[in-house]
Each structure stands twice: as structure tokens, then as C-alpha cells.
Amino acid sequence: MEEAASYFRIGEGKLRKLVSNNPNAEYLLWNGNRVQIKRTRFEKFIDTLSAI
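So, here is what we can say about the structure in this document. (Residues numbered from 1 in each chain as written. Predicted model: local features only at pLDDT ≥ 70, side-chain atom pairs only at ≥ 80, totals over all residues. Heavy atoms only, no water.)

Description of the environment of R16
Among the secondary structure elements, R16 is positioned in helix α2 (residues 12-21). Overall, R16 belongs to the partly exposed group, its relative accessible area being 45%. Measuring from C-alpha to C-alpha, the distance between R16 and K38 comes to 14 Å, with 22 residues separating the pair along the chain. (Helix = DSSP H or I, 4+ residues; strand = E, 2+ residues; numbered from the N terminus. Buried < 20%, exposed > 50% of the residue type's maximum accessible area, 1.4 Å probe, protein only.)

Okay, structure coming up:
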């Protein structure tokens, strides 16, 4: 989560909120209870948004 927040320049809290609101999103990979963000798919998702 820390790496994704710094890479995308989005606050860690905002990323955690996105994950909790969309736990089955295609840009998430769950490893047990740990979440990882798939960079290219998350970039595509962000491109569709006008604001985060």
C-alpha cells in the first residue's frame, strides 16, 4: 500500500478506502489478507475517473 501510494501520488488512506469499497476489483490481488495493486490495471481504472 505504501509503495502504491507513493507511485500513484495518492494518499494511503484514499487507497485503503478504494480497496475497502471495491474488494473484488480487477486491479487487486489478494495474498491472504494482504492486498497488492496491479499497476497497469489500476492505471486504466484511474484513467476512467475524473476525480479520486
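Details of the pattern of salt bridges
The tally for this structure, following the rule as stated, stands at 2 salt bridges. Residue E12 pairs with R16 through a salt bridge whose shortest N-O separation is 2.9 Å. Note that E12 and R16 are positioned in helix α2 at a spacing of 4 residues, about one turn of the helix. (Salt bridge = Lys/Arg side-chain N within 4 Å of Asp/Glu carboxyl O.)

Concerning the pairing of strand β1 (residues 28-31)
Regular strands place side chains that alternate from one sheet face to the opposite one. Strand direction decides the pairing type here: β1 and strand β2 (residues 34-37), joined by 4 bridges, are antiparallel. Looking across to β2, one finds that N31 is bridged to R34. Hairpin connection between β1 and β2: a loop of 2 residues separates the two successive antiparallel strands, and G32 in this loop has a positive phi of roughly 70°. (Pairing = 2+ DSSP bridges.)

Taken by themselves, the reported measurements are silent on function.
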